[in-house]
Amino acid sequence: MIEIKQIHHVAYRCHDAKETVEWYKDKLNMDFLVAIAEDKVPSTKEPDPYMHLFLDAGQGNILAFFEITNQPTMSKDPNTPAWVQHIAFEVADEQALMDAKEELEGKGVDVLGPTDHGIIKSIYFFDPNGHRLELTCRLGTAEQMRQLKEVAPVMLEEWSKTPPCQSSCPVFFSQ
């Protein structure tokens, strides 16, 4: 049986490796852990030079980036709204979230929020590669999380049988 311990790393593409490392070090205080430069893809051996970067996202989590130069310029999926694909990082509490917002804005980052989602509160901003980032803190109680976990399979089953809403959908969770 497969037993996942945690996410080792999540990898995204970047425009400029050095700029990306400097931004994450400066804006989010992440440590730069490892850089790997190769001329070939290790798994397929096809020639495609790249720089692979690893940053410490806390608690053993690693955020990685690839700068690849022999491929078309990176772009976003034109059929996916900008708010959908994002990387979310957790902070200790609501005060830490508000302190982070103030720090980021002080460093010239345009921050949206805070947004109260009931069980979490979040702020949103973009890195220099156009990746949307979220900082969030947990607000939900253990009982709220238990109830949400209990209802999740029912909601998923209902969603899979019901055509998606075209204009206004019912709100499943409120504060």
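Procedures and definitions
- Residues numbered from 1 in each chain as written.
- Predicted model: local features only at pLDDT ≥ 70, side-chain atom pairs only at ≥ 80, totals over all residues.
- Heavy atoms only, no water.
- Pairing = 2+ DSSP bridges.
- Helix = DSSP H or I, 4+ residues; strand = E, 2+ residues; numbered from the N terminus.
- Axes fitted to C-alpha atoms, helices over the stretch in contact; angles between N-to-C directions.
- Buried < 20%, exposed > 50% of the residue type's maximum accessible area, 1.4 Å probe, protein only.
- Polar contact = N/O pair within 3.5 Å; in protein donor to acceptor, adjacent residues only side chain to side chain.
- Contact = heavy atoms within 4.5 Å.
- Phe/Tyr/Trp six-rings, centres within 6.5 Å; stacked < 30°, edge-to-face > 60°.
- Lys NZ or Arg CZ within 6 Å of the ring centre and 35° of its normal.

Undergrad: Please explain the sheet that holds strand 2 (residues 32–40) as it appears in this structure.
TA: Across a sheet, strands are paired by hydrogen bonds formed along the backbone, either parallel or antiparallel in direction. Taking strand neighbours across the sheet as the criterion, the four strands line up as 1-4-3-2 in an open arrangement whose pairing is mixed. Either end of the sheet is taken by a strand with one partner, and the two such strands are strand 1 (9–13) and strand 2. Ignoring which end each strand starts from, the neighbouring axes of this sheet average 20 degrees apart. Where strand 3 (residues 47–56) meets strand 4 (residues 62–68), seven bridges bridge the pair, whose relative direction is antiparallel. Opposite Met-51, over in strand 4, you have Glu-67 as the bridge partner.

Undergrad: Explanation requested: the pairing of strand 8 (residues 132–138) in the structure shown.
TA: Note on strand geometry: in a regular strand, side chains alternate between the two faces of the sheet. Burial within strand 8 is extensive, with six of its seven residues counted as buried. Sheet analysis places strand 5 (residues 86–90) next to strand 8, joined by five bridges and oriented parallel. Directly across from Ala-88, in strand 8, lies its bridge partner Glu-134. Relative to strand 8, strand 7 (residues 120–126) runs antiparallel, the two being bridged by seven bridges. Residue pairing across strands places Lys-121 opposite Cys-137, the latter belonging to strand 8.

Undergrad: What exactly am I supposed to notice about the side chain of Asn-129 here?
TA: Structurally, Asn-129 can be placed in the loop between strand 7 and strand 8. Of the residues examined, Asn-129 reaches a relative accessible area of 6% and is grouped as buried. Here His-15 takes part through its backbone nitrogen, which lies 2.8 Å from a polar atom of the side chain of Asn-129. Filtering out sequence-adjacent residues up to four positions away, Asn-129 remains in contact with Arg-13, Cys-14, His-15, Asp-16, Thr-20, Phe-65 and Met-74.

Undergrad: How should I be thinking about the packing of aromatic side chains in this particular structure?
TA: Each aromatic ring pair is specified by the distance between its two centres and by the angle formed by the two planes. Scanning the entire structure with this criterion turns up four aromatic pairs. Judged by centre distance (5.2 Å) and plane angle (45 degrees), the ring pair of Tyr-24 and Phe-65 falls under tilted. With Tyr-24 in helix 1 (residues 17–28) and Phe-65 in strand 4, this pair connects stretches of sequence that are 41 residues apart. Across the pair, exposure class does not vary: Tyr-24 and Phe-65 are buried alike. Ring centres 5.4 Å apart and planes at 65 degrees place the aromatic pair Tyr-50 and Phe-66 in the edge-to-face group. Of this pair, Tyr-50 sits in strand 3 while Phe-66 is found in strand 4, placing the two residues 16 residues apart along the sequence. We classify Phe-66 as partly exposed; its relative accessible area is 27%. Through a chain of ring-to-ring contacts, the aromatic side chains of Trp-23, Tyr-24, Phe-65 and Phe-125 assemble into a single cluster. Directly above the ring of Tyr-124 sits Arg-132, whose terminal nitrogen or CZ lies 4.1 Å from the centroid.

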